[in-house]
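# Structural overview
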2 protein chains.
Amino acid sequence: MATSFRSPTASQKRLPERKRGAGVKYVYDTLRGEILDLVLPPGTPIDESQLAERLEMSRTPIREALVRLAGDGLVTTLPNRSTVVSQIDFMNLHNFFDAITLMYRVTTRLAGENRTDEDLEIIRAHQAAFIRAVEAQDARSMLATNRDFHAAIGEAGRNPYYQSVFLRLLDEGRRILRIYYSSFDDRLPGPIVQEHEAMIEAIAARDIDACDQLAKAHADQIVAQIQTMLTRDRRQAIAL
Amino acid sequence: MATSFRSPTASQKRLPERKRGAGVKYVYDTLRGEILDLVLPPGTPIDESQLAERLEMSRTPIREALVRLAGDGLVTTLPNRSTVVSQIDFMNLHNFFDAITLMYRVTTRLAGENRTDEDLEIIRAHQAAFIRAVEAQDARSMLATNRDFHAAIGEAGRNPYYQSVFLRLLDEGRRILRIYYSSFDDRLPGPIVQEHEAMIEAIAARDIDACDQLAKAHADQIVAQIQTMLTRDRRQAIAL
DNA sequence: TGCATACTCAGTGTCGACAAAATTCCTGCG
DNA sequence: CGCAGGAATTTTGTCGACACTGAGTATGCA
């Protein structure tokens, strides 16, 4: 099965069937989603030919997507060998904690300074989506919407340099938290919802000090959650 | 001219002449250097076929290098159109100043915490190279070695997340400063050399507070230099 | 039986060619 | 003379093919 869904007779010459340039984006988005949701766990080798066959396109757009993912740090290219999903460096998680705490603070502060009313609407929409995911107890959706919520705050901060690291950290955090939620099975994510609400209020009120304080508390809370998870179930974490 | 330097008769089949996988790196390094030195000014369109001809390889490795450069933010890809060297956003330089000041501080602090003796040797070697460039009044080399000096400090900090932004900021700073040095013609770069020496001392002594203070002073000084340049010669800056 | 060497093969890196999209140039009309 | 429409050209995006690399396997020798 899955050899071809196309009509075997009608494809006499070639049917583009898909817009020029959309192929790369599709591969990129698909792989990125599967990596962040741990459908492709760290260390998984990615075979270009196999992917090309599965997604029904040539290896060229596949390779371009992989190069972009390598730029994001989500995959690692071993020269003349396969490219693999990047490992999560559990030995140096403190680097991650340190950086994401600082970036939470910086981006939330900047959002308090530079946000427009439109930014606020977008942020609130993401928070609403996050709440829906929490109520539905859908871990995958929770992680994705939580990431989008903070990414929107970063956007409102209007500093592309900070935003580039921040997005990278949020993606890495999504992978790390995915381990947590897969081992504790879609439970309520602590006081995250209320913390988000407080952050929105502070950003709306342009209260920079409150933004900083709330962001730090939020970061500390998440870091504490992850550390608790790691000490409770160290074996699984190390296995990955 | 420049059609081919190879023997026209001997190339009956094909001569690799170059290691597998080295092509992409060569294109990437070459273009990156030319972009950072403003040999390719912002807005310059990059023609794949032309580059392929000049560097004597197919378009495939050229395209891969361009995708990587786009990931670094050095070029901008316009879908179905040419890719161009990224513009410098002079209207929002405060974002750059804000971010690089913070990253100078963070990386120098971390270097003070985590540096090894080997790190210190590498940093001192880069500082020596920088001094040589200053004495030779070679602006291009000054900018490159200054960038490498701070990059080495970032490496000693041992936090890849910070390092990824920091490198990006240093590269952008190299482009911005290149305008400065091209308009003021290779003059002495203010008190940068002494500031570097003081930073090395603080890192060697593991004096975190001094690291932070010196990094902030260094950043402020460079920001002030750039701002002075911009107010003196606004036309040239805006022209770019 | 253990180890070094040669062979096989799956998989990447590069190439040349074709097709789609966009720009440019030309032509005809007002 | 200016402008709209269309043809020609330029340039990018995608494809299939092939050579080279490294890993796994088999083979021969001690």
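Overview of the structure.

Residue and element names in this part refer to chain A. For helix H5 (residues 117-135), which comprises 19 residues, the first-to-last C-alpha distance of 27 Å matches the rise-based estimate of 27 Å (1.5 Å per residue) to within 8%. Where H5 is concerned, the buried positions are Asp119, Leu120, Ile123, Gln127, Ala129, Phe130, Ala133 and Val134. In this structure, the buried side of H5 is in contact with helix H4 (93-114), helix H6 (139-157) and helix H8 (192-204). Following H5 by one or two positions, Gln137 has its phi on the positive side, about 55°.

This brings us to the protein's contact with DNA strand C. The full set close to DNA strand C counts 23 residues, and Arg59 and Arg63 of chain A together with Arg20, Ser58 and Thr60 of chain B are the nearest of them. Per the 4 Å cut-off to the protein, sugar and phosphate atoms form 65% of the nearby atoms of DNA strand C. A distance of 2.9 Å separates a base nitrogen of DNA strand C from a polar atom in the side chain of Arg59 of chain A. A distance of 2.7 Å separates a phosphate oxygen of DNA strand C from a polar backbone atom of Ser58 of chain B. The set of elements that each furnish at least two residues to the surface near DNA strand C consists of helix H2 (48-54) and helix H3 (59-71) of chain A together with helix H1 (22-36) and helix H3 (59-71) of chain B.

All names here are of chain A. Ordered in space as E1-E3-E2, the three strands form an open sheet in which the pairing is antiparallel. Two strands close off the open sheet at either side, each with one partner strand: strand E1 (45-46) and strand E2 (75-77). Pairing geometry for E2 and strand E3 (residues 83-85), over three bridges, is antiparallel. In the strand pairing of E3, Thr77 is matched with Thr83. Along the sheet face, H3 touches E1, E2 and E3 and points at about 110° away from the line of E2.

This part covers the interface of chain B and chain A. Opposite the 23 residues of chain B that make contact, chain A presents 23 residues. Summed over both sides, the interface of chain B with chain A buries roughly 2,000 Å², with 57% coming from carbon and sulfur. Inspection of the region where chain B meets chain A yields two salt bridges. Across the contact surface, chain B and chain A share 10 residue pairs in polar contact (both at pLDDT 80 or more). Of all elements in the fold, only H3, helix H4 (93-114) and helix H7 (160-184) of chain B reach the threshold of two or more residues within the side of chain B that touches chain A. At eight residues, the largest contribution of residues to the side of chain B that touches chain A is made by H7 of chain B. Residue composition of the side of chain B that touches chain A, by class: 11 nonpolar, four polar and eight charged.

So, on to the relation of the copies chain B and chain A. When chain B is fitted onto chain A, the two copies agree to an RMSD of 0.0 Å after a turn of 180° and an axial shift of 0.0 Å. Such a turn and shift between the copies fits a two-fold axis. Most of the interface of chain B is mirrored in chain A: 100% of its interface residues are interface residues there too.

What follows covers the protein's contact with DNA strand D. Around DNA strand D sit 24 residues, and of these Arg20, Ser58 and Arg81 of chain A together with Arg59 and Arg63 of chain B come closest. The sugar-phosphate share of atoms of DNA strand D within 4 Å of the protein amounts to 66%. In this structure, a base nitrogen belonging to DNA strand D sits 3.5 Å away from a side-chain N or O atom of Thr60 of chain A. Arg63 of chain B is positioned with one of its side-chain polar atoms (N or O) 2.7 Å from a phosphate oxygen of DNA strand D. Those elements that provide at least two residues to the surface near DNA strand D are helix H1 (22-36) and H3 of chain A together with helix H2 (48-54) and H3 of chain B. Here the surface near DNA strand D gets three residues from one element, more than from any other, and that element is H3 of chain A.

Parameters at a glance
- Residues numbered from 1 in each chain as written.
- Chains lettered and ligands numbered in written order.
- Predicted model: local features only at pLDDT ≥ 70, side-chain atom pairs only at ≥ 80, totals over all residues.
- Heavy atoms only, no water.
- Helix = DSSP H or I, 4+ residues; strand = E, 2+ residues; numbered from the N terminus.
- Expected span 1.5 Å × (residues − 1).
- Buried < 20%, exposed > 50% of the residue type's maximum accessible area, 1.4 Å probe, protein only.
- Contact = heavy atoms within 4.5 Å.
- Near = heavy atom within 4 Å.
- Polar contact = N/O pair within 3.5 Å; in protein donor to acceptor, adjacent residues only side chain to side chain.
- Pairing = 2+ DSSP bridges.
- Axes fitted to C-alpha atoms, helices over the stretch in contact; angles between N-to-C directions.
- Buried area = accessible area lost by both parts, 1.4 Å probe.
- Salt bridge = Lys/Arg side-chain N within 4 Å of Asp/Glu carboxyl O.
- Nonpolar A, V, L, I, M, F, W, Y, C, P; charged D, E, K, R; others polar.
- Least-squares fit on C-alpha atoms with pLDDT ≥ 70 in both.

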